[in-house]
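So the chains spell out like this:
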Amino acid sequence: MAAPTTAAPTGQSFPDKLRSLAPGLAVCFGIAIIAIMLRNMTGVAALNAVVVALVLGVGVGAVIGRPASLKPGIAYAVRPVLRAAIVLLGLQLTLGMLWALGPGALVLALVVVAATLPFTIWLGRVMGVDPGLSMLIGTGTAICGASAIVAANQVVRGREEDVTYSLAVITLCGTVALVVFPYLAELLGLSARVYGLWAGAAIHEVVQAVGAAAAGGEVASQSGTVMKLARVFLLAPAVLALGWWAASRQHADAAKVKAPVPWFAFGFLALVALGSTGLVPQFAVDASRFLVPLMLAASVAALGLQTDLRALHARGAAPLLLGIASTLFITLLALLGVLLIG
């Protein structure tokens, strides 16, 4: 498991703490802004700004190393900034969105998440993949890609290279799905609604799922987007379950640090509930749509800055094969589900 990340010294006054955090946070958010600009300039749906930030972070880290002056801010981006982003993500969902899908589609969203995650963990054990890495790949596949991976790592506490590897695997598999799904839908003769539900239930990243669904027209785009958001809603329950899993693993080893309670997951659910009341002004929702990608990109840039490429290479090909197998599993399971519910 990862060694404790260096944080800002305790006992500092607020101005001193801010000064210690500023250099590292400036680098992380600078990388995030560049990543978002690159994503917007290219206009490529599969090019997630979070993944671009990861690549840039790894590159910058390889060039400048890990100066002591940056470590407090980097550590802050990895933990509090990421958790705040996950909480704010709750403003983008409402219970009404989920209800509009209908009971069959909601059950399908629950089934694909509840089945894909344990399947990936089980298969990873069979393949000899580290349990923490299997957990991250499974979470990214089952729920919402990069956001789910970095959120899950708050309780799994994997190595930085595990997060980097799982992000790369999820990006590769989701991008292939984005390209292939429209052709498969035509080959299988799926209706627009069924195709949209399939894309939303099976493809990893939100932007990938929405992009693939949009290829089927307006009806497919709407059904795919809401189905994908239903899976995003399950992020908080999944993280809570992962926290329980991590705690149960550590219970047998008293020398390990106790797994943290993922309070940010409760914050996510609280904002979903608040947003469902209709009391949240639209500008707050719009602000979250701007802030969440920026904060996630900064957090992942921090992970990239901490990644050891040699350790990443040492993981071998097994996790990649696991990601491919997990993607095939959720694709077939989701297809069977959407055909059953029509």
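Residues numbered from 1 in each chain as written. Predicted model: local features only at pLDDT ≥ 70, side-chain atom pairs only at ≥ 80, totals over all residues. Heavy atoms only, no water.

J.: Which residues make up the overall build of the protein, and what are the values?
T.: Check the secondary structure of the protein and you find 16 helices and zero strands. For the protein, the residues scored as buried account for 50% of the 342 residues in total. Long-range pairs, those at least 24 residues apart, make up 82% of the contacts in the protein with a sequence separation of at least 6. Accessible area for the protein stands at about 14,900 Å²; split by element, carbon and sulfur atoms hold 72% of it. (Helix = DSSP H or I, 4+ residues; strand = E, 2+ residues; numbered from the N terminus. Buried < 20%, exposed > 50% of the residue type's maximum accessible area, 1.4 Å probe, protein only. Contact = heavy atoms within 4.5 Å. Areas by Shrake-Rupley, 256 points an atom, 1.4 Å probe, with all protein chains shown as cover.)

J.: Go over the packing of aromatic side chains with me, naming the residues and quoting the values.
T.: All told, the structure shown has three aromatic pairs when counted by the stated rule. An angle of 10° between the planes, with centres 4.0 Å apart, marks the rings of F119 and F329 as stacked. Taken as a pair, F119 in helix α5 (residues 103–127) and F329 in helix α16 (residues 318–341) lie far apart in primary sequence, 210 residues in all. Plain terms: the ring middles of F181 and W198 are 4.1 Å apart, the flat faces sit at 25° to each other, and that makes the pair stacked. Of this pair, F181 sits in helix α8 (residues 160–188) while W198 sits in helix α9 (residues 192–202), and the two are 17 residues apart along the sequence. W198 sits in the buried class, given a relative accessible area of 1%. Among the aromatic residues, those joined into a cluster by ring pairs are F119, W122 and F329. (Phe/Tyr/Trp six-rings, centres within 6.5 Å; stacked < 30°, edge-to-face > 60°.)

J.: For the layout of surface pockets, give the residues involved together with the corresponding values.
T.: Empty space among the atoms can be located by rolling a probe the size of a water molecule over them. Quantified by volume, the largest pocket comes out at close to 750 Å³. Looking at the largest pocket, it is lined by 27 residues, and the ones nearest its centre are Q92, V206, R289, V292 and P293. The element that contributes the greatest number of residues to the lining of the largest pocket is helix α14 (residues 282–306), accounting for six residues. (1 Å grid on protein atoms, 1.4 Å probe; cavity = no way out; pocket = protein on both sides within 12 Å on 5 of 7 lines; lining within 4 Å. Points joined across faces, edges and corners; volume = space filled by probe spheres on them.)

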